[in-house]
Structures are given as C-alpha cells and as structure tokens.
Amino acid sequence: SKRLAELMGGEMWVESTIGKGSAFRFTIQAEIDPSKETQLLSPAAAQVFAKKQALIVDQDEESRRALTTMIESLGVITHNVNLDMLLLSQASLSDYNVIVLDRETYLDLADNVKQLIMRAGHTGTLLFLNQLGQKMPDLPMDSRHVLTKPVKFDQLKETLNSIFTGVERRRQ
C-alpha cells in the first residue's frame, strides 16, 4: 500500500495513540476527469445552502480540512477549529446554523462543549461524526443527525439539506 501511494505521488503513514488505536493515512496526486464534472447543485438546491454557516470542531486537522472543502463546495460559509481554538474563541456560536462535532472531541470534553454551546445561545443543529463501529453516547439537544467517518459527500449533502430545510428525506 505504501509503495502504491508513493507511485501515485503521495505518501502513507500511521498515527497511533495508546489506548485509542491507530489511524492509517495516505495522500495521492490525482486529476479530476473533466468528462465526469457535473454541476454540484441545482439552482433550487443552491438556495437551500446559500448564506448558511457551519462550524466544524474536530481534533484532526486533515478531517477538518476535508469537511471544510466538502461543505464549502455546497456554498455554505464554513469555519473549522480544534477544541482548544473553540474554547479560546470569542466568536459567537449563535451565528452557526450547524455545528459539526467529532465524537471523540465530544467524549473528551463533553461538559465543556455543552456549556460553551449553551452559553453561546446556539439554537442550530449539532451534526455528530462517528467512527464506523463505535457506539454513540447519549447525545444532547437536537442531535438526531449522525454521520459515519469517513464522511461521504452525498450523505453529507443530504444531511445538511435535511438540517437546513427541516425536511427528512425518506430512504428507498
């Protein structure tokens, strides 16, 4: 796998934390196939996402960067922070329509996060990110929205559309 990543102009590495586990990561160089490019949003869908704001709180910088890219491609104004930056921030959380919060961040400092959100008067929705196979703890407030990492763009788009319109899409 490492050799394949290197052949594709990238790299592969592992990050481990005792008691938490390991994450294997890789990068590659790739070009977008112009024949596959399509318009991401119809004009009606673009209006749903216009002028909306999302805050991404995740300890993993690469995860924050990937989520920011996906959410911004929908036209949503996006800010991303790790928990330390959030706790030091003077920004008003009440300005955000949705706060995207990583499960591990929530578990590490749940009381601080809840207090911070409550003090800030956040009335938007919390969207939790969970690792595949891990049980979510009891969730606060309006938290019926949970996505599994790695987040897939179509699921993220559908979930944000549901959050912003208040309409749940029925699964076929």
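Remarks on the overall build of the protein chain
Line of reasoning, step 1. On a plain count of helices and strands, the protein chain comes out with seven helices and seven strands.
Line of reasoning, step 2. The N-to-C order of helical and strand elements in the protein chain reads α-β-β-α-β-α-β-α-β-α-α-β-β-α.
Line of reasoning, step 3. Here the protein chain holds 172 residues, and the buried ones make up 34% of them.
Line of reasoning, step 4. Sequence-distant contacts in the protein chain: of pairs separated by 6 or more residues, those separated by 24 or more amount to 56%.

Digging into unusual backbone geometry
Trans is the common state for peptide bonds, and a negative phi is the common state for residues other than glycine.
Line of reasoning, step 1. The step from Lys-149 to Pro-150 runs through a cis peptide bond, and the omega angle for that step is -5°.
Line of reasoning, step 2. Tracing the backbone through its elements, the reader meets Pro-150 in the loop between β7 (145-149) and α7 (153-165).

A word on the pattern of salt bridges
Side-chain pairs of opposite charge can arise where the charged atoms are in close proximity.
Line of reasoning, step 1. Considering all chains together, one arrives at six salt bridges under this definition.
Line of reasoning, step 2. Put simply, Asp-58 and Lys-149 hold a salt bridge, and the shortest N to O gap is 2.9 Å. Here the residue Asp-58 occupies a position in the loop between β3 (53-57) and α3 (61-72), and Lys-149 occupies one in strand β7, the gap between them amounting to 91 residues. Here the two residues Asp-58 and Lys-149 agree in accessibility, since each one is buried.
Line of reasoning, step 3. In this structure, Lys-149 and Asp-102 form a salt bridge, with 2.8 Å as the shortest nitrogen-oxygen distance. Within this pair, whereas Lys-149 is found in strand β7, its partner Asp-102 is found in strand β5 (residues 98-102), the two being separated by 47 residues in sequence. Of the two residues, Lys-149 and Asp-102, neither departs from the other in class, the shared state being buried.
Line of reasoning, step 4. A cluster of three or more residues bridged by salt bridges with shared partners is formed by Glu-15, Arg-25 and Asp-60.

Digging into the sheet that holds strand β4 (residues 77-81)
Line of reasoning, step 1. Read across the open sheet, the five strands follow the order β4-β3-β5-β6-β7; overall the sheet is parallel. With partners counted over all chains shown, the strands left at the sheet margins are β4 and β7, one partner each. Looking at each pair of strands side by side, their axes are set apart by 20° on average, direction ignored.
Line of reasoning, step 2. Across five bridges, the pairing between strand β6 (residues 125-131) and β7 is parallel. Each residue of the ladder has a partner; that of Phe-128, found in β7, is Val-146.
Line of reasoning, step 3. The strands touched by α3 are β3, β4, β5, β6 and β7; relative to β4, the strand with the most contacts, the crossing angle is about 175°.
Line of reasoning, step 4. Along the sheet face, α7 touches β5, β6 and β7 and points at about 170° away from the line of β7.

Definitions and cut-offs
Residues numbered from 1 in each chain as written. Predicted model: local features only at pLDDT ≥ 70, side-chain atom pairs only at ≥ 80, totals over all residues. Heavy atoms only, no water. Helix = DSSP H or I, 4+ residues; strand = E, 2+ residues; numbered from the N terminus. Buried < 20%, exposed > 50% of the residue type's maximum accessible area, 1.4 Å probe, protein only. Contact = heavy atoms within 4.5 Å. Salt bridge = Lys/Arg side-chain N within 4 Å of Asp/Glu carboxyl O. Pairing = 2+ DSSP bridges. Axes fitted to C-alpha atoms, helices over the stretch in contact; angles between N-to-C directions.

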